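# Residue-level structural notes
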Protein chains: 2
Amino acid sequence: MSTYHAPLTDIRFALHDVLQVEPLFASLGFEDAGRETLDAVLDECARLCETVLAPLNRIGDEVGVSFDKATGAVTTPTGFKDAYDQFVEGGWTGISAPVEFGGMGLPHGIGICLEEMIDAANLAWSNFPLLSHGAVNALHHHGEDWQKDVFLKPLIAGTWTGTMCLTEPQCGTDLGLLKTRAEPQADGSYAITGTKIFITAGEHDLTDNIIHLVLARLPDAPEGSRGISLFIVPKMQVGRDGSVGTRNAVRCGAVEHKMGIHGSATCVMNFDGAQGYLIGHPHKGLMAMFTMMNTARLGVGIQGLGLATRAYENALRYARERLQSRALSGAKLPSKPADPILVQPDVRRMLLTCKALTEGGRLLAYHAGSLVDSAAHAQDPLARKQADDLLGFLTPIVKGCLTEWGNECTYHALQCYGGHGYIAEHGMEQLARDARITTLYEGTTGIQALDLMGRKTMQLQGAGLRVFLGMIETFCTTHAEDVALAEFVVPLRAKAAEWQQLTRSIAERAAADPEEIGAAAHDYLFFSGYVALAYWWARSVAVAEASARPETFKAGKRETARFYFTRILPRTLGHAAAIASGPASLLSIPDDALDS
Amino acid sequence: MSTYHAPLTDIRFALHDVLQVEPLFASLGFEDAGRETLDAVLDECARLCETVLAPLNRIGDEVGVSFDKATGAVTTPTGFKDAYDQFVEGGWTGISAPVEFGGMGLPHGIGICLEEMIDAANLAWSNFPLLSHGAVNALHHHGEDWQKDVFLKPLIAGTWTGTMCLTEPQCGTDLGLLKTRAEPQADGSYAITGTKIFITAGEHDLTDNIIHLVLARLPDAPEGSRGISLFIVPKMQVGRDGSVGTRNAVRCGAVEHKMGIHGSATCVMNFDGAQGYLIGHPHKGLMAMFTMMNTARLGVGIQGLGLATRAYENALRYARERLQSRALSGAKLPSKPADPILVQPDVRRMLLTCKALTEGGRLLAYHAGSLVDSAAHAQDPLARKQADDLLGFLTPIVKGCLTEWGNECTYHALQCYGGHGYIAEHGMEQLARDARITTLYEGTTGIQALDLMGRKTMQLQGAGLRVFLGMIETFCTTHAEDVALAEFVVPLRAKAAEWQQLTRSIAERAAADPEEIGAAAHDYLFFSGYVALAYWWARSVAVAEASARPETFKAGKRETARFYFTRILPRTLGHAAAIASGPASLLSIPDDALDS
């Protein structure tokens, strides 16, 4: 079985040393988010993840959720409910929720660290509380006062959970195609009818009520995505006074059999005239949904990170323990029958790839998490706008790159085990299967790439990119005379300039041919991700060297950064070449010439 | 459920148009391998794969093999035995086996095409007959006359199957660590005692007998890999006269629970003084085993190819059918509610990657398959040696690259389905799980890379590479004046020169530091694979353009080649940069600095 020990050393390095969140949070008005509090929260969450959630990871995979067709009931794997109860008792469901509704009001920038640990410990389980965040956000930003009063407290307390009901059989990416209907009723409520699929935590036995946020069309709705409204549809009817009534006409029709996250209930939900309340304005549901979706996308990026860290921990231990063959330069442990496979350069290549992508990815994600707080609470309006621009720009990078890297790292980690990686009992193949969902839900990688390239770069004229390039420039200027950092600062500055130039040239070509955007998007996403990580790695070395951390820690950062700059960053060469080839290489082939 | 239609058009293009196997096979003395015969064999095998094997693929995954702990018996999924019986009746088990022992004596170069279809149709099932090939090869090359007489006929007829028993709990890659013992008996046989793991088809209900080829140590064996001998250990005892006796002391102790190929029996085999016969010379078992292993490695490369072709077929169909969103340059099907996702450049990028890697990979693999025949049967001794050198050089490339590309293509194909790809009923996730074994068994990708870099390039002084570079040079010279091919010929010639230069520089550095070999191996493997594919793509275009094939076919080859040269071949830039960084970027980090 795979183990999990929260990488608290690196989490703290990222939070405190590099991002310096204590003064940041203080400047944003978070009075109770001092270092001592944050560290205590991290420790306590790590304990819960390591001792309660992680041990349930394998049974969740083996047993999965079970579905009773006769009643529509879903039973979670043994132990899931008990763990959920402990989670609720500890107040974890409301950790970064508003205090006025019972939350702890801690910054999102700390909530994201907790998510990393929870996802790594048990991704399938994490999906039950996760979706409530989105519902809380949407209600908090768009709900009427009575809706906030009635629904927010139990969602934040965790006694109810939430869902996001978007997808239908004929529409996933393209929500404009959705068919679910909402008929106004005499009492001001709506009758919701339709079928939703892929509803995470759509039905389960962890709480008494489940609050579905459902996209549907009003009778007078315009066609397409401009005619979609958002509704609150509780499993057990809830009155405007908060009273819980009888069972609503919404029911789980099936649970999907999936490649992984077997312990997560992925439901077909049938709404058959179910009572619902409109949230926000008619036909403006998509905008409210995007409020939920952006945080959810950061959250899924973190899922990729979490799984990668757990895979790396186990592969590193295995590589130290497994004795097989000798180093090519001569035996390293002559007294043993063979050397540990850790001496093999190719095994180190796989492990260092994991270390470079996870530790660098952690900074990328945590920084984005802290921008959620800055965008909401920075005193200076310009600072708020810059944080918001940058957050919008980074969100598809965090989601797109960290989930793909999560797949890559779980792949490498499994590979380090050789044939043993393929066997269920080691747990590595579960991590790989679980990771595979992350590039699909909450918008595929292709959708993230289009969001980054089309909306966040072209439409918004690179506002977010400019902020990030400014950060890189400041860093490079500050360390321009530092000889020890030159091996990082010089290529980083060059890559940043190339990034800017590349963006400009795509924009110019896209003005003549809009297909340029789609043709460049994927490679632009990864080019961006790798340059962003180069920045965080360079900064990590600078911060580590200037710190009082042990020499081993400093060497770990320095040598991993060297590995990153010499062996990972060159991937940008291939991406730049692909971008330069434009749309012709993708679109010229006739559709009927694609068959083999 | 995923479908399978054998890509016979491209298979024939590869075999007849590009590789021109008819005159080749004739020159090698295969009298009955004319085009008509070969095409009939391809058609008939395709029919069997599409109608018998492919429909069993999903049930094999869902049900898996079952194991009776009390008796040690293994039951294959429903339908597997019936399909096996049809396979045996059709004579498919002996298709390229020697005629004198009941085989059909067709070239290996055609057998490899059949393997592709069988693997694509049902990888788990294919493993039952597959391993017999290795046993047949080892017996044919190293067995005594009575061993050939007794064992070859039933193995070739398929009434018995074979296994390769190498791995033990403490030894996989490093066979020098193996512990299984062989005690000489008074009757000239040996008593074999030990535990073997990961034994494919180690126990099953398809045939009455199973012939294990087992690596073990004689009492006087030197330590390490120089003290390993090979033994024949039948499940049911077999006398020197061919008589079948009682049950031998070998028994399946467990069946592994795996990520995929659930229908394949991966067994723990316990030998408890089982009767065995020495095959070949004492202490020379490893050499005999390598005879089996090289063909098995080509076979596993083909598994990666087969799964990729099936994944591509399904993703292409889905991309044509799934309506979602509009093309960025305006609606392509304005009468429909949305455009098929095939119009999206990013979906085409994923599909074209599959097409480029599978059709190019097919030529790489089929060419290697035909070299098995040339190396054995070419009349000119120099031609035999060149074929053998090139085959040795290409074998790790076929195994290493085609299995990794098989994983990449099944990944892309699943991704084309969006969230639906994660759901079992579409069958895409099974293809991805099944593909994952191919980079692990018969030597991991890292082992292939070391074989290519260390043994096939350094020790043999690049003999195989020189032959391949000669083929490229001949092609480029022949087409030097062809303006229409210049876009391929010019960069191909440049990449070939870079390949040669890269090899030389690694060799020079390795003379000073042997760790250079391990540090460069992975990236050298893929650099080599991508340049090799560039050659096959350039040649495919040249051959297609000169042929009487329809314009659509020619456009398919030309545009896919353009895609390959502009969007895939640039991956070599990153590999070259990684190689240039040498071992320091992998070895400098202290082991205890690796933790996060």
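Data block above holds the structure.
So, here is what we can say about the structure in this document. Everything numeric here is computed off the predicted structure, so don't read it as measured data.

With that settled, consider the interface of chain A and chain B. Listed as interface residues are 99 residues of chain A and, on the opposing side, 99 residues of chain B. Buried surface at the junction of chain A and chain B, both sides included, amounts to about 8300 Å², of which 59% is carbon and sulfur. Considering only the side of chain A, the residues that lose the most area to chain B are Tyr422, Arg567 and Ser596 of chain A, jointly responsible for 11% of the buried surface there. Our enumeration of links across chain A and chain B arrives at 6 salt bridges. In this structure, Arg320 of chain A and Asp595 of chain B form a salt bridge, with 2.9 Å as the shortest nitrogen-oxygen distance. The element that contributes the greatest number of residues to the side of chain A that touches chain B is helix H17 (residues 551–568) of chain A, accounting for 8 residues. Each residue belonging to the side of chain A that touches chain B can be placed in one class, and the counts come to 43 nonpolar, 31 polar and 25 charged.

Time to look at the pairing of strand E5 (residues 190–200) of chain A. All names here are of chain A. Among the 11 residues in E5, 8 count as buried, and that is most of the element. Where strand E4 (residues 181–184) and E5 come together, 4 bridges link them in antiparallel fashion. Paired with Pro184 across the bridge in E5 is Tyr190. Adjacent in sequence and paired antiparallel, E4 and E5 are bridged by 5 residues, among which Gly188 carries a positive phi angle near 90 degrees. Sheet topology places E5 next to strand E11 (residues 266–279); 9 bridges connect them, and they run antiparallel. When the bridges of E11 are listed, Ala191 appears paired with Gln275.

This brings us to the pattern of salt bridges. All names here are of chain A. What the rule picks out here adds up to 67 salt bridges over all chains. Among the ionic pairs, Glu116 bridges to Arg362, the shortest N-O distance being 2.7 Å. Placement of Glu116 in helix H6 (residues 108–121) and of Arg362 in helix H10 (residues 345–377) is noted, with a sequence separation of 246 residues between them. With a relative accessible area of 0%, Glu116 lands in the buried category. Arg247 is the partner of Glu203 in a salt bridge, and the nearest nitrogen-oxygen pair spans 3.7 Å. One end of the pair, Glu203, is in the loop between E5 and strand E6 (209–216); the other, Arg247, is in strand E9 (residues 244–247), with 44 residues separating them in the sequence. A relative accessible area of 4% places Glu203 in the buried class.

In this section: the packing of helix H1 (residues 8–18) of chain B against helix H10 (residues 345–377) of chain B. The description of two helices packed together rests on the angle between their axes and the distance between the axes. All names here are of chain B. The N-to-C vectors of H1 and H10 enclose an angle of 45 degrees; their axes lie 10 Å apart at closest approach. Classed by the angle they form, the pair H1 and H10 counts as oblique. Like other packed secondary-structure pairs, H1 and H10 cross with a definite hand, here right-handed. In this structure, H1 uses Asp10, Ile11, Ala14, Leu15 and Val18 to contact H10, whose residues at the interface are Glu359, Arg362, Leu363 and Tyr366. Among the residues forming the contact of H1 with H10, the class breakdown is 6 nonpolar, no polar and 3 charged.

Superposition record for chain A on chain B: RMSD 0.0 Å, screw rotation 180 degrees, translation along axis 0.0 Å. As the rotation angle and translation indicate, the two copies are arranged about a two-fold axis. Interface overlap between copies: 100% of the residues of chain A at the interface are likewise at the interface in chain B, consistent with a symmetric, same-surface contact.

Before going further, it helps to spend a moment on the pairing of strand E3 (residues 160–165) of chain A. All names here are of chain A. For E3, the buried fraction is high: 6 of the 6 residues fall into the buried class. The side-chain alternation of E3 yields two buried faces, one formed by Trp160, Gly162 and Met164 and the other by Thr161, Thr163 and Cys165. Inspection of the sheet shows E3 paired to E6 by 6 bridges, in the parallel sense. Note on E6: the bridge partner recorded for Trp160 is Asn209.

This part covers the nonpolar core. In terms of nonpolar packing, the biggest core is built from 352 residues, with Met117 of chain A together with Met117 of chain B touching the most fellow members. Each residue touching Met117 of chain B, except ones within four places of it in the same chain, is listed here: Tyr4, Ala6, Leu8, Ile11, Leu42, Cys45, Ala46 and Cys49 of chain B.

Turning to helix H7 (residues 123–142) of chain A, a few remarks are in order. It helps to recall that an α-helix has 3.6 residues per turn; residues three or four apart then point in one direction. Residue and element names in this part refer to chain A. The end-to-end C-alpha separation of H7 is 29 Å, in line with the 28 Å expected for 20 residues at 1.5 Å each. Of all the bends in H7, the greatest measures close to 30 degrees and is centred on Pro129. Among the 20 residues of H7, 15 are classified as buried, and the element is accordingly described as predominantly covered.

Residue and element names in this part refer to chain A. Structurally, Ala14 is set in helix H1 (residues 8–18). According to the relative accessible area criterion, Ala14 is buried, its value standing at 1%. Considering only alpha carbons, one finds Ala14 and Gly111, 97 residues apart in sequence, at a separation of 14 Å. Leave out the neighbours within four places in its chain, and Ala14 touches Leu19, Arg362, Leu363 and Tyr366.

Residue and element names in this part refer to chain A. The full count for this structure, using the stated rule, is 38 aromatic pairs over all chains. Ring centres 6.3 Å apart and planes at 50 degrees place the aromatic pair Tyr84 and Trp125 in the tilted group. One end of the pair, Tyr84, is in helix H5 (residues 80–89); the other, Trp125, is in helix H7, with 41 residues separating them in the sequence. Assessed through its relative accessible area of 1%, Tyr84 is described here as buried. Judged by its relative accessible area of 0%, Trp125 falls in the buried class. The rings of Phe393, Phe468, Phe475, Trp499, Tyr535 and Trp536 are connected pair by pair, giving a single aromatic cluster. Sitting above the plane of the Phe553 ring, Arg549 keeps its charged end 4.9 Å from the centroid.

On to the side chain of Asn407 of chain B, then. With respect to the element layout, Asn407 of chain B can be found in helix H11 (residues 381–416). On the basis of relative accessible area, Asn407 of chain B is assigned to the buried category, the value being 8%. Within the structure, the side chain of Asn407 of chain B is placed 3.4 Å from the side chain of Tyr411 of chain A, a separation counted as a polar contact. Within the structure, the side chain of Asn407 of chain B is placed 3.2 Å from the backbone oxygen of Ala435 of chain B, a separation counted as a polar contact.

In most cases, non-glycine residues show a negative phi, while peptide bonds are predominantly trans. The phi torsion at Gln20 of chain B lies on the positive side, around 45 degrees, for a residue other than glycine. Owing to a relative accessible area of 44%, Gln20 of chain B belongs among the partly exposed residues under this scheme.

So, about the environment of Glu144 of chain A. Residue and element names in this part refer to chain A. Along the polypeptide, Glu144 turns up in the loop between H7 and helix H8 (145–157). Note on Glu144: relative accessible area 41%, which makes it partly exposed. C-alpha of Glu144 to C-alpha of Cys401: the two residues are 257 residues apart in sequence and 36 Å apart in space. A polar contact is formed between the side chain of Glu144 and the side chain of Trp146, at a distance of 3.1 Å.

Right, let's talk about the environment of Leu19 of chain A for a bit. Residues and elements named next belong to chain A. You can see Leu19 is positioned in the loop between H1 and helix H2 (21–27). Owing to a relative accessible area of 14%, Leu19 belongs among the buried residues under this scheme. Linking Leu19 and Ala221, residues 202 residues apart in sequence, is a C-alpha distance of 46 Å. Filtering out sequence-adjacent residues up to four positions away, Leu19 remains in contact with Ala14, Leu363, Tyr366, His367 and Trp536.

Attention now moves to the side chain of Ser229 of chain A. Residues and elements named next belong to chain A. On the secondary structure map, Ser229 appears in strand E7 (residues 229–234). Take Ser229: its relative accessible area is 0%, and that puts it in the buried class. Within the structure, the side chain of Ser229 is placed 2.7 Å from the backbone nitrogen of His283, a separation counted as a polar contact. With residues near it in sequence (within four places) discarded, Ser229 still touches Val214, Leu215, Ala216, Leu218, Leu278, Pro282, His283 and Gly285.

The rules behind these values
Residues numbered from 1 in each chain as written. Chains lettered and ligands numbered in written order. Predicted model: local features only at pLDDT ≥ 70, side-chain atom pairs only at ≥ 80, totals over all residues. Heavy atoms only, no water. Contact = heavy atoms within 4.5 Å. Buried area = accessible area lost by both parts, 1.4 Å probe. Salt bridge = Lys/Arg side-chain N within 4 Å of Asp/Glu carboxyl O. Helix = DSSP H or I, 4+ residues; strand = E, 2+ residues; numbered from the N terminus. Nonpolar A, V, L, I, M, F, W, Y, C, P; charged D, E, K, R; others polar. Buried < 20%, exposed > 50% of the residue type's maximum accessible area, 1.4 Å probe, protein only. Pairing = 2+ DSSP bridges. Axes fitted to C-alpha atoms, helices over the stretch in contact; angles between N-to-C directions. Parallel < 35°, antiparallel > 145°, perpendicular 65-115°, else oblique. Left-handed = near helix turned anticlockwise from the far one by under 90°. Least-squares fit on C-alpha atoms with pLDDT ≥ 70 in both. Core = buried A, V, L, I, M, F, W, Y, C linked by side-chain atoms within 4.5 Å. Expected span 1.5 Å × (residues − 1). Bend = angle between axes of the 7 residues up to and from the residue. Phe/Tyr/Trp six-rings, centres within 6.5 Å; stacked < 30°, edge-to-face > 60°. Lys NZ or Arg CZ within 6 Å of the ring centre and 35° of its normal. Polar contact = N/O pair within 3.5 Å; in protein donor to acceptor, adjacent residues only side chain to side chain.

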